[in-house]
Amino acid sequence: MPLSAIRTVAKPQNGVGAFILQCKRLDFHYCDWAGSSRGMKKFIKTNLAIFAKRNPQIEITVSPRPNKHPVIIGHYINGRQKAICVRNMTNNEVKQKADLLRHASGEKLQRLNKPVMSLNESVRGIWSPFHGTKIQI
């Protein structure tokens, strides 16, 4: 009687097989009148078309927001939003913040208790100073 192996199915992980960008939309809000939107308006006029051409998978919306500071809002596929205020920033700083939101995952920032995160538990178990032979002094 032949033995059949148990078939295992791999868990889908981002980056294995195909990469799915987590950011689905970026909203750029600015004020036409206020001076704090100077860098945002320059970014929209000069660099936004290049940014949009390099990231065709992201929907980009630009809308004026009178009497408010400029804000970039990132919408992610997990339903979360992240907003960054870019008041009084230069054109290049606004571009860096847009790249930051583009590369973010949309998850909340988490404090890591362990330096290494893994899906698989340790084979050897967790080390403790009470393991092993006792040393007599």
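Being a predicted model, the structure only gives us computed values, none of them experimental.

Asker: Which residues make up helix α3 (residues 91-103), and what values do they have?
Answerer: Here α3 spans 19 Å end to end across 13 residues, near enough to the 18 Å set by a 1.5 Å rise per residue. As for α3, its buried residues are in contact with β1 (23-30), α1 (38-46), α2 (48-54), β3 (71-76) and β4 (81-85).

Asker: Tell me about the side chain of His 29, residues and numbers included.
Answerer: Mapped onto the elements of the fold, His 29 is located in strand β1. Reaching out from His 29, the side chain makes a polar contact with the side chain of Ser 63 at a distance of 2.7 Å.

Asker: Describe in detail α1, supporting the description with residues and values.
Answerer: Of all the residues in α1, the buried ones are Gly 39, Met 40 and Phe 43. Here the buried residues of α1 occupy an arc of 100° about the axis, which is enough to place them on one side. Of the residues in α1, the exposed ones pointing more than 90 degrees away from the buried face are Arg 38 and Lys 45. Lining the buried residues of α1 we find β1, α2, β3 and α3.

Asker: I'd love a proper account of the packing of aromatic side chains, names of residues and values included.
Answerer: Scanning the entire structure with this criterion turns up two aromatic pairs. The rings of Phe 28, Phe 43 and Phe 51 are connected pair by pair, giving a single aromatic cluster.

Asker: Any details on the pairing of β1? Residues and values, ideally.
Answerer: Taking burial as the measure, the eight residues of β1 include six buried ones, the bulk of the element. Pairing geometry for β1 and β3, over six bridges, is antiparallel. Following the sheet pairing, Leu 26 is matched in β3 by Gly 74. Where β1 lies against strand β2 (residues 59-64), six bridges are found, and the strand directions are parallel. Across the sheet, His 29 pairs through a bridge with Ser 63, a residue of β2.

Asker: Which residues make up the sheet that holds β2, and what values go with them?
Answerer: The strand order across the open sheet built from four strands is β2-β1-β3-β4, with neighbouring strands paired in mixed fashion. With one partner strand each, in any of the chains shown, β2 and β4 form the two edges of the open sheet. In this sheet, neighbouring strand axes are inclined to one another by 15° on average, regardless of whether the strands run parallel or antiparallel. Contacting β1, β2 and β3, α1 crosses the sheet at an angle of about 125° to β1.

Asker: I'd like a rundown of the side chain of Asp 27, residues and numbers included.
Answerer: For Asp 27, the location among the structural elements is in strand β1. Side chain to side chain, Asp 27 and Arg 25 meet in a polar contact 3.2 Å long. A distance of 2.3 Å separates the side chain of Asp 27 from the side chain of Thr 61, its partner in a polar contact. For Asp 27, the residues in contact, after removing those within four places along its chain, are Thr 61, Val 71, Ile 72, Ile 73 and His 75.

Conventions and cut-offs
Residues numbered from 1 in each chain as written. Predicted model: local features only at pLDDT ≥ 70, side-chain atom pairs only at ≥ 80, totals over all residues. Heavy atoms only, no water. Helix = DSSP H or I, 4+ residues; strand = E, 2+ residues; numbered from the N terminus. Expected span 1.5 Å × (residues − 1). Contact = heavy atoms within 4.5 Å. Polar contact = N/O pair within 3.5 Å; in protein donor to acceptor, adjacent residues only side chain to side chain. Buried < 20%, exposed > 50% of the residue type's maximum accessible area, 1.4 Å probe, protein only. Arc of directions from axis to C-beta. Phe/Tyr/Trp six-rings, centres within 6.5 Å; stacked < 30°, edge-to-face > 60°. Pairing = 2+ DSSP bridges. Axes fitted to C-alpha atoms, helices over the stretch in contact; angles between N-to-C directions.

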